[in-house]
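Architecture at a glance
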Amino acid sequence: MTESTVVVVEDDRNIADLVELYLRQEGFRVVQAATGQLGIEAVRDQRPRMVILDVGLPGGMDGLEVCRRLRADSGVPILMLTARDGEIDRVLGLELGADDYVTKPFAPRELVARVKAILRRTDGPPRGGEADVLLAGDVEVDVKRREARRDGKVIALASREFDLLRYFAENTGLALTRQQLLDGVWGHGWYGDERTVDVHVRQLRKKLGPGLPLATVWGVGYRLG
Ligand code: CA
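I will try to describe carefully the structure that is included in this document. (Residues numbered from 1 in each chain as written. Predicted model: local features only at pLDDT ≥ 70, side-chain atom pairs only at ≥ 80, totals over all residues. Heavy atoms only, no water.)

1. As for the coordination of the calcium ion
Distances from the calcium ion to its protein donors, E10 (OE), D11 (OD), D54 (OD) and G56 (O), fall within 2.1 to 2.9 Å. In the primary structure, the donors to the calcium ion are separated according to the pattern E-D-x42-D-x1-G. On the basis of relative accessible area, D54 is assigned to the buried category, the value being 4%. (Donors = N, O, S within 2.8 Å, 3.2 Å for Na, K, Ca; no water. Buried < 20%, exposed > 50% of the residue type's maximum accessible area, 1.4 Å probe, protein only.)

Put into structure tokens, the structure is as follows:
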């Protein structure tokens, strides 16, 4: 098995070293970057399996901006590190395409668990194993290639957005509660709140437009078709 690289973008050396220590114990290769600019370069050069990205970074480019720039041309999973009082950062980070976040101060083991959960989700074999291409309205959901396409053109989605779209496509016609969506897409171990679902649904609607028949089921959640 090839070593998986994780890029850790964090200016606090103590935290970066701690994260590196724990990830190395799990067999990951870690590349540290102390500024956003260095982080973007590291992602470009190293092609990592995952990025751990602190929101508070020096040098005029914070983690949110780094996230936005990475998402312009990359679907690499991003786990954000946010401050305890950084509710707005968390929502913004998810809207910008981050996959998940961990609030500082965090237990290293929790961080490792999140990393593994994201990698399981993004690298795992297609669920069900039947159809490789599902349909969500006029959008093709290519499970094998992890691509959403319309008229043969790929629509850029963050990995979590893709998983959410796939889950809807696998459950067309069913009213799905936010909790069902959290369990099905984020996994049972995920303990974020239900607004996370709303943020991602909003992103999906924005990116996929009116061709996606994704209805709000008032008081419950959402339904495709
Ligand atoms: Ca920092």
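2. Side note on the pattern of salt bridges
Applying the stated criterion across every chain yields a total of 25 salt bridges. Where R13 meets D17, a salt bridge forms, and the shortest distance between an N and an O atom there is 3.2 Å. Of the two residues, R13 and D17 both sit in helix α1 (residues 13-25), four residues apart, roughly one turn of that helix. Taking the relative accessible area as the measure of exposure, R13 reaches 55% and is therefore exposed. Residue D17 is classed as partly exposed on the basis of its relative accessible area, which comes to 33%. For D142, the salt bridge identified is with R149, shortest N-O distance 3.0 Å. Here D142 matches R149 in class, with each residue buried. A cluster of three or more residues bridged by salt bridges with shared partners is formed by E140, D142, R145, E147 and R149. (Salt bridge = Lys/Arg side-chain N within 4 Å of Asp/Glu carboxyl O. Helix = DSSP H or I, 4+ residues; strand = E, 2+ residues; numbered from the N terminus.)

3. Examining helix α7 (residues 178-186)
Along α7, the positions that sit buried rather than exposed are R178, L181, L182, G184, V185 and W186. Trailing α7 by a residue or two, G187 shows a phi angle of about 95°, which is positive.

4. Brief notes about the pairing of strand β4 (residues 78-82)
In terms of burial, β4 is largely enclosed, as five of its five residues are buried. Pairing of strand β3 (residues 50-54) with β4, which is carried by four bridges, proceeds in the parallel orientation. Within β4, the residue paired with I52 across the bridge is L79. Read from β3 through helix α3 (residues 63-71) to β4, the crossover connection turns out right-handed. (Pairing = 2+ DSSP bridges. Right-handed = clockwise from strand over helix to strand, strands pointing away.)

5. Digging into the layout of surface pockets
Put simply, the largest pocket is a space of about 440 Å³. Residue lining of the largest pocket: 22 residues in total, with S74, G75, R146, L157 and S159 positioned closest to the centre. At the level of secondary structure, the elements contributing two or more residues to the lining of the largest pocket comprise α5 (108-123), β8 (147-150), β9 (153-155) and α6 (159-170). Here the lining of the largest pocket is built from residues that sort into ten nonpolar, four polar and eight charged. In terms of domain composition, the lining of the largest pocket takes at least three residues from each of domain 1 (5-123) and domain 2 (133-217). (1 Å grid on protein atoms, 1.4 Å probe; cavity = no way out; pocket = protein on both sides within 12 Å on 5 of 7 lines; lining within 4 Å. Points joined across faces, edges and corners; volume = space filled by probe spheres on them. Nonpolar A, V, L, I, M, F, W, Y, C, P; charged D, E, K, R; others polar. Domains from an automatic or database assignment.)

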